[in-house]
Structure formats: structure tokens, C-alpha cells
Amino acid sequence: METASRVEAVTKGGLPVVPSQYIQPPEARPNLHHAGDAAPIPTIDLSISDSAKESIGEACRNWGAFHVVNHGVPIHLLDRMKALGLSFFQDCPLEEKLQYACDSTSAASEGYGSRMLLGAEGDVVLDWRDYFDHHTFPLSRRNPSNWPLHPPDYRQVVEEYGNEMKKLAQKLLGIISESLSLPCSSIEEAVGEIYQNITMSYYPPCPQPELTLGLQSHSDMGAITLLIQDDVGGLQLYKDDQWLTVPPISRAILVLIADQTEIITNGTYKSAQHRAVTNANRARLSVATFHDPSKTAKIAPASHLIGQHTKPAYKEVVYGQYVSSWYSKGPEGKRNLDALLC
Ligand SMILES: O=C(O)CCC(=O)C(=O)O
Ligand SMILES: [Fe+2]
């Protein structure tokens with residue numbers, strides 16, 4: 001029962017067709033004949049602080065996403081993290097991976113899983129993806145003994161990677177605040193203590209990529225996501241009514257504005273709607289690091305941005321309620337955020 005719920009187990013026999021639970025309705029299927037358009041998202045050099053603020057503001061306004069280079073995170077750490085991910089999904093036997101199985105009845109639980117939403121069996125179309133989720137911050141919820149033991153540096157690299165990503169996320173939230181003429185600490189204070197999850201996603205080759213999605217269309221629910229991917233490609237962004245492919249850049253980190261930052265900036269900056277498509281020939285790996293508020297945090301548009309002529313565009317929300325509704329109703333693009341519009 002348990003093994004059947006991992007895409008890896010489903011693909012084991014070299015199926016010529018995908019099982020029906022993975023077949024997307026026609027309107028959600030990717031148009032792979034027209035997948036060549038690369039998203040011209042900006043690549044921002046963080047070592048040039050004068051121009052970074054302005055370019056980041058423009059990227060957040062127009063795209064909700066951008067690449068950063070010269071970000072201060074050692075490139076060998078990005079490479080090592082991706083190598084560890086591949087090693088877990090490809091080299092570790094399925095029975096051993098299942099020792100780290102997440103609790104599939106609770107949302108975003110730590111460990112090895114495949115199903116993202118909590119809906120009843122048969123209620124939701126499944127993503128063509130297996131994942132491993134690590135809880136890394138605050139330290140009180142970090143328990144490396146829940147993480148793979150091999151290769152021997154696995155746990156240490158995940159800790160180091162989490163620390164670097166948290167520093168970078170804080171720096172970016174500061175620049176994003178300043179780009180709106182807010183004090184540097186504004187968005188971070190509105191978010192409160194940062195909850196960080198690191199999710200490695202593995203998309204096995206799929207016999208019918210035109211019928212499936214690796215990950216359905218969504219925007220990330222927290223504050224800011226930092227993502228790295230291998231050279232296969234498959235991440236797409238939705239902009240101006242079309243899906244555009246984000247080209248992999250090995251030394252860059254992709255920044256995705258998430259829903260709580262859209263609320264805090266009163267909609268000036270939009271969270272990025274994205275999805276992952278599958279590939280017939282090559283497995284793909286990505287590592288997303290999410291930076292979110294605590295479940296009890298109340299999130300609302302920043303008071304500095306509200307005035308006589310600017311009304312709040314979103315209702316205040318308790319973050320934990322936002323998360324519960326996301327996992328039970330599903331993302332369907334940005335419906336959970338749309339539900340908060342005033
Ligand atoms: O695999 C990817 O590139 C996207 C992953 C993602 O969007 C997520 O984990 O939220
Ligand atoms: Fe995402």
C-alpha cells in the first residue's frame with residue numbers, strides 16, 4: 001500500500017502509459033509543443049548593492065521571481081545539495097527510503113512523500129513527483145535524525161545549506177522592504193520568527209509528459225522561496241496568460257515571492273504562480289527552501305503602505321488557517337490568496 005503511493009514505485013516496471021490518477025484534466029495539461037519560450041526573468045547581481053534594490057523592486061512588481069548571482073552562498077554547497085538529493089532518490093533502495101516516510105495524513109509533515117494535498121483518495125489528480133521535506137528552522141523543530149544518514153555528510157550539508165539560505169532570505173526581505181521605501185526590517189518583522197522547510201523534489205521520467213504535471217500550478221504560501229534546480233529544466237512561470245519555462249542557471253538561485261509577501265506589500269508585489277512539467281527521458285531534481293511565518297502569526301498589509309488614498313487590499317489572516325485551507329482546498333493557481341481580497 002505504502003510503496004504504491006510513490007511515483008518511483010509506480011514507474012518501476014517501465015509503464016508505457018501513466019495510471020489514471022496522474023492524468024490532468026485537459027485544461028491543466030501542459031502544451032509541450034509550445035514549451036520553448038524561456039521566461040526572460042531578470043538575473044540580479046547581489047554584489048552590486050546600488051542597482052540591486054531597484055532591479056529587485058522591478059522584478060517583484062513584474063514577475064514575482066528573479067535569479068540572483070553573486071549571492072554569497074558557495075557554489076559547491078549548491079552542487080553538493082543537489083548531489084545529495086539525487087543520491088537519496090536514485091541510490092537509496094525504496095525500502096530504506098520508506099523508513100523516512102512522512103505522515104501522509106498531516107500537511108507538510110517531514111520526510112519522504114509524494115502526495116501534496118490532503119483530499120480523499122481519488123479526489124485529487126496526483127503530481128508526478130516524490131519529495132523529501134526537512135524541517136530546519138526554528139531550531140526547536142530541527143531533528144536531523146529524521147533525515148537520511150547516507151551519504152555521511154548528508155545531515156551536515158542540509159544544516160549548512162539551511163543556514164545559508166536563511167541568511168540570504170533575510171537579506172532579500174530587507175532589500176525588498178527598502179525597495180518599497182519601508183525600513184529594512186519591515187517585512188521580516190511582519191513575518192515574525194522564520195519557519196524554514198527544505199523540500200527536495202524528484203520527478204522521475206514520465207511515459208506521457210503531455211498528460212501529467214510534476215507539480216500542479218500554485219504559488220508558494222509563505223513569504224519567500226529560494227530554489228535551485230539541475231540542468232534538466234521543467235519549472236514554468238505563469239505570466240500574461242502563458243506558461244514560460246525558467247531556464248536553469250547552475251550558479252544562480254531563483255527567488256520566488258510567496259503569498260504572505262504579496263499580502264504584506266498590499267499587492268504591490270505579486271507572488272509567482274508556477275508549476276513543474278515532466279520529461280520523458282530524464283529525471284529532474286529541484287531543491288526549494290521555504291521561509292514562512294509561524295502558524296499563529298497574523299499577516300496583514302503593512303501599515304506604512306496604507307493611507308488615506310490606499311485601502312488594504314487583503315483581509316488579515318492567521319497563517320495557520322491559510323495553510324490549512326491551502327492543503328484541503330488545493331492551490332488551483334492563486335485561489336487561496338484571491339479569497340482574501342477585500
Ligand atoms: O521543482 C520545481 O522547480 C518547483 C518546486 C516547487 O514549486 C515547490 O516545491 O513548491
Ligand atoms: Fe512552489
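Here the structure is a predicted model, which means the values were calculated and not measured. (Residues numbered from 1 in each chain as written. Chains lettered and ligands numbered in written order. Predicted model: local features only at pLDDT ≥ 70, side-chain atom pairs only at ≥ 80, totals over all residues. Heavy atoms only, no water.)

K.L.:
For this particular structure, what's the right way to read helix H8 (residues 319-329)?
P.N.:
Residues spaced three or four apart along an α-helix face the same direction, because each turn holds 3.6 residues. Within the sequence span of H8, burial applies to Tyr319, Gly320, Tyr322, Val323, Ser325, Trp326 and Tyr327. Where H8 is buried, its residues contact strand E6 (215-218), helix H7 (259-264), strand E12 (284-292), strand E14 (317-318) and helix H9 (335-338). Phi turns positive one or two residues past the end of H8, at Gly330, with a value near 90°. (Buried < 20%, exposed > 50% of the residue type's maximum accessible area, 1.4 Å probe, protein only. Helix = DSSP H or I, 4+ residues; strand = E, 2+ residues; numbered from the N terminus. Contact = heavy atoms within 4.5 Å.)

K.L.:
Looking at this structure, I do not really get the site of ligand 1. What am I missing?
P.N.:
Around ligand 1, a shell composed of Arg129, Tyr203, Leu215, His218, Asp220, Leu227, Leu235, His274, Arg284, Ser286, Ala288 and Phe290 is seen. Here an oxygen atom of ligand 1 sits 2.9 Å away from a polar atom, N or O, in the side chain of His274. Calculation on ligand 1 without its partners gives an accessible area of 290 Å², and the protein chains cover 96% of this total. Secondary structure elements with two or more residues in the shell around ligand 1: E6 and E12. (Near = heavy atom within 4 Å. Polar contact = N/O pair within 3.5 Å; in protein donor to acceptor, adjacent residues only side chain to side chain. Areas by Shrake-Rupley, 256 points an atom, 1.4 Å probe, with all protein chains shown as cover.)

K.L.:
Hey, could you run me through the coordination of the iron ion (ligand 2) in this one?
P.N.:
Around a metal, the idealised angle for a tetrahedral arrangement of four donor atoms is 109.5 degrees; for an octahedral arrangement of six donor atoms it is 90 or 180 degrees. Only His218 (NE2), Asp220 (OD) and His274 (NE2) from the protein reach the iron ion (ligand 2) as donors, at distances of 2.1 Å. Ordering the donors of the iron ion (ligand 2) by residue number gives the pattern H-x1-D-x53-H. Taking the relative accessible area as the measure of exposure, His218 reaches 5% and is therefore buried. (Donors = N, O, S within 2.8 Å, 3.2 Å for Na, K, Ca; no water.)

K.L.:
Is there a simple way to explain the layout of surface pockets in this structure?
P.N.:
The gaps of empty space that remain are located by a probe, the size of a water molecule, rolled over the atoms. The space that makes up the second largest pocket amounts to roughly 400 Å³. If you trace the second largest pocket, you find 20 residues lining it, with Gln24, Pro25, Ala28, Gln216 and Glu332 closest to the centre. When the residues that make up the lining of the second largest pocket are grouped by side-chain class, the tally is nine nonpolar, six polar and five charged. (1 Å grid on protein atoms, 1.4 Å probe; cavity = no way out; pocket = protein on both sides within 12 Å on 5 of 7 lines; lining within 4 Å. Points joined across faces, edges and corners; volume = space filled by probe spheres on them. Nonpolar A, V, L, I, M, F, W, Y, C, P; charged D, E, K, R; others polar.)

K.L.:
Is there a simple way to explain empty space enclosed by the protein in this structure?
P.N.:
Scanning all chains against the criterion turns up two cavities of 30 Å³ or more. Computed from the structure, the largest cavity encloses a volume of approximately 60 Å³. Along the walls of the largest cavity sit Ser114, Arg115, Met116, Leu117, Val124, Val125, Leu126, Asp127 and Gln216, which together make up its complete lining. A class-by-class count of the residues in the lining of the largest cavity yields five nonpolar, two polar and two charged. Its boundaries defined by the atoms lining it, the second largest cavity holds a volume of some 50 Å³. His67, Leu227, Ile228, Gln229, Pro247, Pro248, Ile249, Ala252, Ile253 and Leu254 are the residues that line the second largest cavity. Looking at the lining of the second largest cavity, the elements that each hand over two or more residues are strand E7 (224-229) and strand E10 (253-257). Of the residues forming the lining of the second largest cavity, the biggest block, three residues, is contributed by E7.

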